[in-house]
Amino acid sequence: MSTNAQQQEQGGGAEAARDWRRWHEGRVVAVAAPYGPLSLTGTHWLSDYPEGRIPAVPGHWREDGDEVVLTAAAEDGVVVDGEPLTGRVRLRADRGPVDDARVSRGERRLVVLRREGLWAVRDFDPGSPARRAFSTIEATPYEPRWALSGTFRPYGGGRTVRVANADGVERGLGLDGEIAFTVDGDPHTLGAAVEPDGSLWAVFADATSGNGSYRFRFLRPGAPARDGSVTVDFNRALLPPCAFADHFICPLPPPGNTLGVAVPAGERNRIDA
């Protein structure tokens, strides 16, 4: 390789490292935000509370087909769409950011969730112990060798596999294809879903999982090119939300998504002060 080519490659690597540092700093800020994952203090399934009263959550919550009916009195201090609620309101699942949730009580946000036909209320509190204790995200500095060239191969029809979730319950996980790549010449694949914006999402474990890294992580490559080519950048491997709060129901890796090699790259663990 010529000296000029080496300088260009080194320059590109330096810019990639700077981009990664900005990404990492942004991740720490997002996680520590008032309504980031650290603020989740509970996921309450309404089926566990048939009488409609959830401990420590104000109001009376009842599922009614495709909606949840919330009833509250003035003393509950519940606010819906910016107005105090005295009476009842019908709610659907919240789809937007947590801080835009329709229901609140003081600084808390009560987010309506639906999974596989079951309704739940999530309680996000900026004053949560986890948020107060958080220091940073342990992550491996950028390493060019972990930005791999890959190929996305669609299945030609979505598949749903049953996988255990972080709360111990088995649920369906939709997969749209597989990402193929090589590590040190050895081929590997990860089953992945296609997000609404065309980007990919995979849940994976590797030889560092539970031994230097959290027990599993997420990978979010950008949208593949028309020929299926995609960059598989493990430098941006993410801790799942359940690494920050026990009340998330993250899916564990599906069959075939546990790599036999060590991937000492990306986010590794949550660090508390």
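Our structure is the block above this text.
Scope of this entry: the structure provided in the associated data block.

The rules behind each value
- Residues numbered from 1 in each chain as written.
- Predicted model: local features only at pLDDT ≥ 70, side-chain atom pairs only at ≥ 80, totals over all residues.
- Heavy atoms only, no water.
- Core = buried A, V, L, I, M, F, W, Y, C linked by side-chain atoms within 4.5 Å.
- Buried < 20%, exposed > 50% of the residue type's maximum accessible area, 1.4 Å probe, protein only.
- Helix = DSSP H or I, 4+ residues; strand = E, 2+ residues; numbered from the N terminus.
- Contact = heavy atoms within 4.5 Å.
- Pairing = 2+ DSSP bridges.
- Axes fitted to C-alpha atoms, helices over the stretch in contact; angles between N-to-C directions.
- 1 Å grid on protein atoms, 1.4 Å probe; cavity = no way out; pocket = protein on both sides within 12 Å on 5 of 7 lines; lining within 4 Å.
- Points joined across faces, edges and corners; volume = space filled by probe spheres on them.
- Phe/Tyr/Trp six-rings, centres within 6.5 Å; stacked < 30°, edge-to-face > 60°.
- Lys NZ or Arg CZ within 6 Å of the ring centre and 35° of its normal.

**Describing the nonpolar core**
Turning to step 1, where the next piece is worked out: Counting 33 residues, the largest nonpolar core has Phe124, Phe134, Ile137, Phe216, Phe218, Phe244 and Phe248 as its most contacted members.
Turning to step 2, where the next piece is worked out: If you list the elements that add at least two residues to this core, you get α1 (3–32), β10 (134–140), β12 (170–183) and β14 (200–204).
Turning to step 3, where the next piece is worked out: No other element matches α1, which puts five residues into this core.
Turning to step 4, where the next piece is worked out: Contact partners of Phe244, with chain neighbours within four places excluded, come to Arg27, Val31, Pro37, Leu38, Ala130, Phe134, Ile137, Leu239 and Arg270.
Turning to step 5, where the next piece is worked out: In terms of nonpolar packing, the next biggest core, distinct from the first, is built from 19 residues, Leu148, Phe181, Leu200 and Ala265 among them.

**Considering the sheet that holds strand β3 (residues 67–72)**
Turning to step 1, where the next piece is worked out: Strand order in the open sheet formed by three strands is β2-β3-β6, and the pairing between neighbours is antiparallel. Two strands in the sheet have a free side with no partner beyond their single neighbour: β2 (60–64) and β6 (87–91). Taking each pair of neighbouring strands and ignoring which way they run, the sheet shows an average axis angle of 20°.
Turning to step 2, where the next piece is worked out: As judged from the five bridges shared by β2 and β3, these two strands associate in the antiparallel manner. Looking across to β3, one finds that Glu63 is bridged to Val68.

**Regarding the layout of surface pockets**
Turning to step 1, where the next piece is worked out: In this structure, the largest pocket spans a volume of roughly 920 Å³.
Turning to step 2, where the next piece is worked out: Lining the largest pocket we find 31 residues, and of these Leu113, Arg115, Arg122, Pro241 and Phe248 sit closest to its centre.
Turning to step 3, where the next piece is worked out: Within the residue set of the lining of the largest pocket, elements represented by two or more residues are β8 (108–115), β9 (118–124) and β12.
Turning to step 4, where the next piece is worked out: It is β8 that provides the largest number of residues to the lining of the largest pocket, a total of five residues.

**A short note on the environment of Leu239**
Turning to step 1, where the next piece is worked out: On the secondary structure map, Leu239 appears in the loop between β16 (229–233) and β17 (266–272).
Turning to step 2, where the next piece is worked out: For Leu239, a relative accessible area of 2% gives the class buried.
Turning to step 3, where the next piece is worked out: A C-alpha to C-alpha distance of 6.9 Å links Leu239 and Arg268, two positions 29 residues apart in sequence.
Turning to step 4, where the next piece is worked out: Excluding its chain neighbours within four sequence positions, the residues that come into contact with Leu239 are Arg27, Ile137, Tyr214, Arg217, Phe244, Glu267, Arg268, Asn269 and Arg270.

**Quick notes on the sheet that holds strand β7 (residues 103–105)**
Turning to step 1, where the next piece is worked out: In spatial order, the strands read β1-β9-β8-β7-β4-β5; together these six strands make up an open sheet with antiparallel pairing. Two strands bound the open sheet, and with one partner strand each, they are β1 (40–45) and β5 (83–84).
Turning to step 2, where the next piece is worked out: Direction of pairing for strand β4 (residues 79–80) relative to β7: antiparallel, over a ladder of two bridges. Among the inter-strand pairings, Val79 is bridged to a residue of β7, identified as Ser104.

**Observations concerning unusual backbone geometry**
Turning to step 1, where the next piece is worked out: The residue Asp81 is not glycine, and still its phi comes out positive at about 55°.
Turning to step 2, where the next piece is worked out: Look at Asp81 and you get partly exposed, because its relative accessible area is 48%.
Turning to step 3, where the next piece is worked out: Unlike most non-glycine residues, Glu116 shows phi in positive territory, near 50°.
Turning to step 4, where the next piece is worked out: In this fold, Glu116 is placed in the loop between β8 and β9.

**Quick word on the pairing of β12**
Turning to step 1, where the next piece is worked out: Two elements, strand β11 (residues 147–164) and β12, share eleven bridges in a ladder whose sense is antiparallel. Considered in β12, the bridge of Pro154 is made with Gly177.
Turning to step 2, where the next piece is worked out: Summarising the sheet, β12 and strand β13 (residues 186–194) pair through seven bridges and their orientation is antiparallel. Bridge pairing in β13 links Thr182 to Pro187.

**Considerations on the packing of aromatic side chains**
Turning to step 1, where the next piece is worked out: Under the defined criterion, the tally for this structure stands at eight aromatic pairs.
Turning to step 2, where the next piece is worked out: For the ring pair Phe181 and Phe234, a centre distance of 5.6 Å and an interplane angle of 65° mean the geometry is edge-to-face. Of this pair, Phe181 sits in strand β12 while Phe234 sits in the loop between β16 and β17, placing them 53 residues apart in sequence.
Turning to step 3, where the next piece is worked out: A residue is classified by how much of its surface remains accessible, and Phe234, at 0% relative accessible area, is buried.
Turning to step 4, where the next piece is worked out: A centroid spacing of 5.7 Å and a plane angle of 55° characterise the contact between Tyr214 and Phe216, whose relative ring orientation is tilted.
Turning to step 5, where the next piece is worked out: Taken together, the ring pairs in this structure connect Trp146, Phe181, Phe204 and Phe234 into an aromatic cluster.
Turning to step 6, where the next piece is worked out: Over the ring of Trp146 we find Arg145; its NZ or CZ atom is 4.5 Å from the centre of that ring.
Turning to step 7, where the next piece is worked out: In this arrangement the basic side chain of Arg159 is found over the ring face of Tyr155, its NZ or CZ atom lying 3.7 Å from the centre.

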